[in-house]
Amino acid sequence: STKKIKSNLAFTQATQAAYSGIFVTENYDNTDSQAITDNNSFTKEFIVNDNLNITDINIGLNIEHTFRGDLDITLQHPDGTVIDLTSDNGGGNNNLYVLFDDEAGSGNEITADNAAHNTAGYTNLRIPEEALSAFDGKSSLGTWILTITDDAGGDTGTFNDAQLTIEGTPSAPTISGNVFVDY
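Thresholds applied
Residues numbered from 1 in each chain as written. Predicted model: local features only at pLDDT ≥ 70, side-chain atom pairs only at ≥ 80, totals over all residues. Heavy atoms only, no water. Salt bridge = Lys/Arg side-chain N within 4 Å of Asp/Glu carboxyl O. Helix = DSSP H or I, 4+ residues; strand = E, 2+ residues; numbered from the N terminus. Buried < 20%, exposed > 50% of the residue type's maximum accessible area, 1.4 Å probe, protein only. Lys, Arg positive; Asp, Glu negative; His and termini not counted. Contact = heavy atoms within 4.5 Å.

1. Things to note about the pattern of salt bridges
Here comes step 1: Scanning the entire structure with this criterion turns up four salt bridges.
Here comes step 2: We note a salt bridge from lysine 138 to aspartate 79, for which the minimum N-O separation is 2.5 Å. One end of the pair, lysine 138, is in the loop between strand 9 (124-126) and strand 10 (142-150); the other, aspartate 79, is in the loop between strand 6 (71-76) and strand 7 (82-87), and 59 residues separate them in sequence.
Here comes step 3: Relative accessible area serves as the criterion here: at 44%, aspartate 79 is assigned to the partly exposed category.
Here comes step 4: Through salt bridges with shared partners, a single ionic network connects Arg68, Asp113 and Arg126.

As structure tokens, this is what we get:
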């Protein structure tokens, strides 16, 4: 038979505490390449359907460009919080093959990166201009927006791909309303 019961909790407190200690790492790729033209902006989206309580976030960029100092790049959380990854850094050096990570270590700040990036991929570990930890404690769920702007003339490039990596703890599901138990 089926019995209808009313419940507002999916787990006991002990089960919820154990569940919240699980760390999950998820990667979200955007491989929709696009030309980067002078004095122009465009966005790339990451659709995140996993509801994690963020504990760490990194983003890798694979961008070819003949004057990296032309680029301003931001990352926007689904709630509207925006951080600057890089803004006019790298001078006349080529390309932006980088993995932005707050824990990249001293001496790896993007603001001090004046070397050419010659090996494609997420090969250069860098600390972004503004901390990715601004997203810690937030839900990962929703549409994340990467904005790429070339703010000068004379040099162009190509956005090849990006990877958003989110580490967090799963949000414990709750059940509200009627629950049917078959026994």
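2. Brief notes about the side chain of aspartate 56
Here comes step 1: When you line up the elements, aspartate 56 lands in strand 5 (residues 52-65).
Here comes step 2: The side chain of aspartate 56 is buried and forms no salt bridge, while lysine 138, the nearest opposite charge, is found at 15 Å.
Here comes step 3: Excluding residues that lie within four positions of it along the chain, aspartate 56 makes contacts with Glu103, Asp136, Thr165, Ile166 and Glu167.

Read these as geometric descriptors, not functional statements.
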